[in-house]
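Take a look at the letters that make up each chain.
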Amino acid sequence: MTDYLLGLDAGNTVIKAVIFDRTGRELAHAGEEGHSRMPSPGHVERDLGELWANARHVIHTCLDKAGIAAGDIAAIGCAGHGNGLYALDRAGEPLIGIQSLDTRATGLVEAWLAEGVGDRTYPIARQRPWPSQTPTLLTWLKRYRPELFQRIGTVFFSKDFVVNRLTGQRVSEVSDMSGAGLIDLAARRYDRALMEAYGLGDCMDLLPPLIESADIAGRVTAAVAAETGLAAGTPVIGGLFDVVASALGSGVSRTGSASIIAGTWSINQVVIGGPDLDGPVFMSSTFDRTRYMAMENSATSAANLEWLVREFFEGDHAADISPFDACCAHAAAVEPAADDPLYHPYLYGAQQDGHARAGFYGIAGWHTRGHLVRALLEGVAFGHRQHVEAIRKAGATFEEAVLSGGGARSRLWPQIFADVLGVPVSVAVSHETGALGAAIAAGTGVGLFSDFTDGANAMVRTDRHYRPNGALSAHYDRRYALYRDIGEAMTPLWRRLSASRDMAPGVAA
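Cut-offs used in this document
- Residues numbered from 1 in each chain as written.
- Predicted model: local features only at pLDDT ≥ 70, side-chain atom pairs only at ≥ 80, totals over all residues.
- Heavy atoms only, no water.
- Disulfide = S-S within 2.5 Å.
- Buried < 20%, exposed > 50% of the residue type's maximum accessible area, 1.4 Å probe, protein only.
- Salt bridge = Lys/Arg side-chain N within 4 Å of Asp/Glu carboxyl O.
- Helix = DSSP H or I, 4+ residues; strand = E, 2+ residues; numbered from the N terminus.
- Contact = heavy atoms within 4.5 Å.
- Pairing = 2+ DSSP bridges.
- Axes fitted to C-alpha atoms, helices over the stretch in contact; angles between N-to-C directions.
- pLDDT = per-residue confidence, 0-100.
- Core = buried A, V, L, I, M, F, W, Y, C linked by side-chain atoms within 4.5 Å.
- Parallel < 35°, antiparallel > 145°, perpendicular 65-115°, else oblique.
- Nonpolar A, V, L, I, M, F, W, Y, C, P; charged D, E, K, R; others polar.
- Right-handed = clockwise from strand over helix to strand, strands pointing away.
- Phe/Tyr/Trp six-rings, centres within 6.5 Å; stacked < 30°, edge-to-face > 60°.

### Looking at the state of the cysteines
So, point 1. Scanning all chains against the criterion turns up 0 disulfides.
So, point 2. The closest cysteine sulfur to the non-disulfide-bonded Cys-62 is located on Cys-78, 13 Å from its own sulfur.
So, point 3. With no disulfide of its own, Cys-328 lies closest to Cys-327 among cysteine sulfurs, the gap being 6.6 Å.
So, point 4. Its relative accessible area of 10% is what places Cys-328 among the buried residues.

### Considering the pattern of salt bridges
Any two side chains of opposite charge can pair, given that their charged atoms come close.
So, point 1. Counted by the stated rule, this structure contains 25 salt bridges.
So, point 2. Across the pair Arg-126 and Asp-276 runs a salt bridge whose closest N-O atoms are separated by 2.6 Å. In this pair, Arg-126 is assigned in the loop between α3 (117-125) and α4 (134-144) and Asp-276 in the loop between β16 (266-272) and β17 (283-286), connecting sequence segments 150 residues apart.
So, point 3. A relative accessible area of 10% means that Arg-126 is categorised as buried.

### Concerning the side chain of Thr-453
So, point 1. When you line up the elements, Thr-453 lands in helix α16 (residues 452-459).
So, point 2. What Thr-453 contacts, discounting residues up to four positions off in sequence, is Ser-253, Arg-254 and Arg-291.

### Structural notes on the sheet that holds β16
Two orientations exist for strands paired in a sheet by backbone hydrogen bonds: parallel and antiparallel.
So, point 1. Here we have 7 strands laid out as an open sheet, ordered β17-β18-β16-β15-β21-β22-β23, and mixed in their pairing. A single partner strand is all that each edge strand has here, and the edge strands are β17 and β23 (462-466). This sheet shows a mean twist of 25° between the axes of neighbouring strands, independent of strand direction.
So, point 2. Both strand β21 (residues 401-404) and strand β22 (residues 425-428) contribute to a ladder of 3 bridges, which runs parallel. By the bridge assignment for β22, Val-402 is matched with Ser-426.

### What about the confidence of the model for the protein?
So, point 1. On average, residues of the protein score 94 in pLDDT, and 97% of them are at 70 or above.
So, point 2. Low pLDDT (under 50) marks residues 503-509, which in the prediction has 3 contacts with non-local residues, meaning those over four places away or in another chain.

### Here's the deal with the environment of Ala-456
So, point 1. Relative to the helices and strands, Ala-456 is located in helix α16.
So, point 2. On the basis of relative accessible area, Ala-456 is assigned to the buried category, the value being 4%.
So, point 3. Put simply, Ala-456 and Leu-436 are 20 residues apart on the chain and 9.0 Å apart in space, counted from C-alpha to C-alpha.
So, point 4. The contact partners of Ala-456, leaving out residues within four places of it in the chain, are Leu-248, Gly-251, Ser-253 and Ile-440.

### Observations regarding the pairing of β16
Working note: regular strand, side chains alternate between the two faces of the sheet.
So, point 1. Of all 7 residues in β16, 7 are buried; the element is thus mostly enclosed.
So, point 2. Note: strand β15 (residues 258-262) against β16, 5 bridges, orientation antiparallel. Within β16, the position partnered with Ser-259 by the bridge is Gln-269.
So, point 3. Linking two consecutive strands that pair antiparallel, namely β15 and β16, is a turn of 3 residues.
So, point 4. In terms of strand pairing, β16 meets strand β18 (residues 292-298) through 7 bridges, oriented antiparallel.

### As for the nonpolar core
A general trend in soluble globular proteins is that nonpolar side chains are found buried together.
So, point 1. By size, the foremost hydrophobic cluster in this structure holds 69 residues, and its most contacted members are Ile-152 and Leu-166.
So, point 2. Beyond its immediate chain neighbours, meaning those up to four positions away, Leu-166 contacts Leu-8, Trp-52, Ile-59, Ile-76, Arg-219, Val-220, Thr-221, Val-224, Leu-230 and Val-236.
So, point 3. Ala-331, Ala-381, Ala-408 and Leu-412 belong to the second largest nonpolar core, which has 55 residues in total.

### A few points about the packing of helix α10 (residues 242-249) against helix α15 (residues 433-445)
Helix-helix packing is described using two parameters, namely the angle between the two axes and the distance between the axes.
So, point 1. Remark: α10 packs on α15, axes separated minimally by 6 Å, with the N-to-C direction vectors making an angle of 85°. It follows from the interaxial angle that α10 and α15 lie roughly perpendicular. For the pair formed by α10 and α15, the contact residues are Ala-245, Ser-246, Leu-248 and Gly-249 on the first element and Thr-433, Gly-434, Leu-436, Gly-437, Ala-438, Ile-440 and Ala-441 on the second.
So, point 2. When its residues are assigned to classes, the contact of α10 with α15 shows 6 nonpolar, 5 polar and no charged.

### A word on the sheet that holds strand β8 (residues 94-98)
So, point 1. With antiparallel pairing, the 5 strands of this open sheet are ordered in space as β4-β5-β8-β7-β9. The outermost strands of the open sheet, each flanked by one partner alone, are β4 (36-37) and β9 (152-156).
So, point 2. As paired elements, strand β7 (residues 85-89) and β8 share 4 bridges and run antiparallel to each other. By the bridge assignment for β8, Ala-87 is matched with Ile-96.

### Focus on the pairing of β21
So, point 1. Neither face of β21 is left uncovered, since the one carrying Ala-401 and Leu-403 and the one carrying Val-402 and Ser-404 both have all their residues buried.
So, point 2. The pairing of β15 with β21 spans 3 bridges and is parallel. Directly across from Ile-260, in β21, lies its bridge partner Leu-403.
So, point 3. This β-α-β element, β21 to helix α14 (residues 413-421) to β22, shows right-handed connectivity.

### Looking at the packing of aromatic side chains
So, point 1. Overall, the coordinates contain 13 aromatic pairs when judged by the stated rule.
So, point 2. Geometrically, the ring pair formed by Trp-130 and Trp-265 is edge-to-face, given 5.4 Å between the ring centres and 65° between the ring planes. Residue Trp-130 is located in the loop between α3 and α4, and its partner Trp-265 is located in the loop between β15 and β16; the two are separated by 135 residues in the primary sequence.
So, point 3. Taking the centre distance of 4.6 Å and the plane angle of 45° together, the rings of Tyr-343 and Phe-360 count as tilted. Taken together, the positions of Tyr-343 in strand β19 (residues 342-344) and Phe-360 in strand β20 (residues 359-361) put the pair 17 residues apart, joining distant regions of the chain.

Here it is, written out as structure tokens:
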């Protein structure tokens, strides 16, 4: 009996496989961490062979753990990080994988800003160019890596590459393509005038056939079945941009509901009933024929805590506690004070400024590492608040939010989010909301659910609720104002620092 759904989630760092039943109960989980390489400053790439090897491994491991027959899986859904650039060559072989942390195209974006390119793209795609956006990276390759560009046969996204390996099909779907600014959002189709605005008018043939998120992209091939333990012929749906999948997997699907994701990226999104708002937002995505996501995003969230743990806390904690929990325990022991340090979460640049850099400010001799950890947790939340304010300014409204991503696993961080954002925050039972959202879409694609909301109602449960602490409202308003002021003051200095990076050793900036 085909009562189970397999959700895959191909993030910037880890690929996960999770098998769920139709009520959202998790039968088995497997994850495998990949490796990024940085061949030049600002370049962040991955080996596509490793990504597919890791995908095969987690699928096989998950099936073994679940103890079910492969034929009992009704369908497979895949989510994956958006933007970046994943390309096959003209023979269909892996060519290059650029991750969405890449900032190589910062100079190109600055040139386009001066030329008004965004004024041409925004009315069509509801998005302006930014450094790790897919069409921006494609244009960068066209200009600066022409020998590699000439070999490109298909441009799509991380989850599309996994779907391609599973099925042999080269396709993409509307949520990722819209999230990358590559389709006419209102018409929900590719647009030549849009591609011409990016300088890619001659590249329409590099874009794969476009399908709906829950459409069946293909079926598991016999060769892949032999490698993974899956049943040949299992349907694989088009899938979802991972931020949309995570929203869906945390129960956010109705118009007016909000999803905050504290993952590698800071994701802040509200479901709206059409492609337009009263003002501009960073990006919009569509995930079915009637609903859209208005988003303000940047690579400024939980990746900062991962960096802090990796560089300063690995091995410095009890064996029975994770380094992340140890970090948060240090922060929880700190009583918030007016002179606490501040932190900017710009390890990978800011949304519209690839020159921005992370930094602690206001450290005094009496501050402990607990103060620094808390400053980082608050700084990430302030970055989310900055994005939420932009969404509200554009006209999207919401009264509460669901928090997901790695940051939601903490008991402290969700309360900081509620206090900084000033709205109630809830956390879903499932930690694997991206994989769960992909599974919901898979169930919808094969008719187990009538639509995404029906699937979310069946498979999502809420675990915890957090209400804002009114006594801290003024405290966080003051600190947020300082956070913004310091960022404005640092902007010209970040640019000087970025310029000096490229100078020869011994040459003064």
